[in-house]
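Report on the structure
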Amino acid sequence: MESQSFGLLLTALEPISHHDPTTGNDGNTLTFNRQKQFVHREASDTPVLQHLVDALTAQHPMPEPVAELCSRLSLPEWTAVAYIRLLLDIYNHGEGEGLLSGMERYRMLENRLQTAAVRCHTLHRLWSILTSELQLGIQAMQYDAQLVGFWTLPPSLQYQVLIILAEQYRAIVTLARVWHSANKQPGGKLVTATFSVAELPAPPDSIVLDVPAISVNSLRHQLVREPAWLHLCHALGFAPAARGEGEIPIHAEAVFYNGGNIKAGAQQPANAFFLAGEIRKAYPVLDLLGGTTASFDLGESKLKMSAWIVCAENRAALPESLRATPQAQTSVFEMLDNMTHTRQASPGGEGQMIYNYEVLVAGTQVYVELVLTPYTTELTRGALAAALLYYAANSRVIGGQSARGHGRMQMTLLTDMPDGLDAYLAHLDANRERLRAGILDGTLCSGAVVVK
């Protein structure tokens, strides 16, 4: 028997909140979860003309110490630094403006610079997006000529600058900050950079970027593991109870709900393989998803999962039926939105907090592929079907903050539902008391106490 693959499409009815756990030091701003991947970019073959480069460098002379720092930069790198330095010259005065203010101003700039750069194909679009997301107003008229000088560069050079900004955003912001600070010092010799367009390298056709992504681990729990456990509780007649206060031992619940943990110092029994087999036969959800008892692992799960946001960056991974959709033609960075919430103060004025976070907008789609390994039993296939149906009829949420109006999804099957549902329901009904007892006494129907 070969492996079986099932596809489904989740469409967001509400914005999706799925924070990156590594961005907790960003003050009150949380970014969407990201993963590195190659992203293809279309390059232009329009030639770069020497007189345009010379005119640009003449508009942006550097203090001598800055010129020494930038002496080894390529033309695209120098242009990227000059572009961001101009933004700082315009807006970074005193306390600053918009989000480019306060102690976190440069962190705000670098966080938004990378995502803005990958969404753009021209430098004038980058300016529009970056100033908008940093909540900056229109520049003073005196800067128009310098700014437009960047916008008139050939598309091929603009493309290379955008790649540099997306890949080296932190280094670019650092050099731009040094240049911006040096411009505030009176006097000093100014140096004009010189570059030869003949030495300009060809731009790469793909770059590595931190792309917004839905964690498959999170999706596996919300889409399959938790619904499978709740369905099992309903079928076996376990009543809802406060956490840790129900009739189910907490460690017995854990093996179903989150996979459980092997206890420190626990000794694996000699017949662990036999016990695991008995448990998996009794509870097909554990055959489907795996888990650990107090002292041994139940073995590899039968279910493999993958998930991709339907967007231009992931188009190659999507099934043919989704590649021509509007979502698959749109950059995932265009789907990001910033939300601001205020935690209300108490009557005594305590506890108010304003916080910001990124979301994927309503209408975003996530393609999910579920694969069952060869020789998966009918009961285990039925356990997957039961979990998906329970999810579709009840929670229908991915990500976090569902209590605040986030993550509600519409599920659409792109293939047939896994078979075996009737057999699985019949198994639960025929063995209801035995399965209940196995959870309550910690044996999981194995003949030995394996969870407590």
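Please read these numbers as outputs of a predicted model, since none were measured by experiment.

Conventions used here
- Residues numbered from 1 in each chain as written.
- Predicted model: local features only at pLDDT ≥ 70, side-chain atom pairs only at ≥ 80, totals over all residues.
- Heavy atoms only, no water.
- Axes fitted to C-alpha atoms, helices over the stretch in contact; angles between N-to-C directions.
- Helix = DSSP H or I, 4+ residues; strand = E, 2+ residues; numbered from the N terminus.
- Parallel < 35°, antiparallel > 145°, perpendicular 65-115°, else oblique.
- Left-handed = near helix turned anticlockwise from the far one by under 90°.
- Contact = heavy atoms within 4.5 Å.
- Nonpolar A, V, L, I, M, F, W, Y, C, P; charged D, E, K, R; others polar.
- Pairing = 2+ DSSP bridges.
- Buried < 20%, exposed > 50% of the residue type's maximum accessible area, 1.4 Å probe, protein only.
- Polar contact = N/O pair within 3.5 Å; in protein donor to acceptor, adjacent residues only side chain to side chain.
- Core = buried A, V, L, I, M, F, W, Y, C linked by side-chain atoms within 4.5 Å.

1. So, the packing of helix H9 (residues 216-236) against helix H15 (residues 421-430)
Axis angle and axis distance: for two packed helices, these are the angle between their axes and the distance between the axes, and together they describe the pair. Viewed as axis vectors pointing N to C, H9 and H15 meet at an angle of 45 degrees, and their least axial separation amounts to 9 Å. Taken as axis vectors, H9 and H15 run oblique relative to one another. Classified by chirality, the crossing of H15 by H9 is right-handed. Two secondary-structure elements touch here, H9 through His231, Leu232, Ala235 and Leu236 and H15 through Tyr424, Leu425 and Leu428. The class makeup of the residues in the contact of H9 with H15 is 6 nonpolar, 1 polar and no charged.

2. Describing the sheet that holds strand S1 (residues 4-12)
Taken in spatial order, the 4 strands line up as S9-S12-S1-S13 in an open sheet, and their pairing is antiparallel. Each edge of the open sheet carries a strand with a single partner, namely strand S9 (303-309) and strand S13 (409-413). Strand after strand, the sheet turns through a mean of 25 degrees between neighbouring axes, direction not considered. As defined by bridge partners, S9 adjoins strand S12 (residues 365-372) across 7 bridges and the pair is classed as antiparallel.

3. Here's the deal with the side chain of Arg34
Examined against the element boundaries, Arg34 turns out to sit in strand S3 (residues 34-40). Judged by its relative accessible area of 16%, Arg34 is buried. One polar contact links the side chain of Arg34 to the main-chain carbonyl oxygen of Phe32, over a distance of 3.0 Å. A distance of 2.9 Å separates the side chain of Arg34 from the side chain of Glu358, its partner in a polar contact.

4. Notes on the packing of helix H5 (residues 123-133) against helix H6 (residues 144-151)
Relative orientation of the contacting elements H5 and H6 amounts to 125 degrees, with a least axis distance of 8 Å. Taken as axis vectors, H5 and H6 run oblique relative to one another. In this structure, H5 uses Leu123, His124 and Trp127 to contact H6, whose residues at the interface are Leu147, Phe150 and Trp151. In terms of residue class, the contact of H5 with H6 is made up of 5 nonpolar, 1 polar and no charged.

5. Considerations on the side chain of His180
Here His180 is to be found in helix H8 (residues 169-183). Dropping the residues within four chain positions of it, His180 is found in contact with Arg85, Leu88, Asp89 and Asn92.

6. What about the nonpolar core?
Within the largest apolar cluster, 123 residues are counted, with the highest numbers of intra-cluster contacts made by Val224 and Tyr283. Counting residues in hydrophobic clusters, the runner-up holds 6 residues, among them Val310, Leu318, Leu322 and Ala328.

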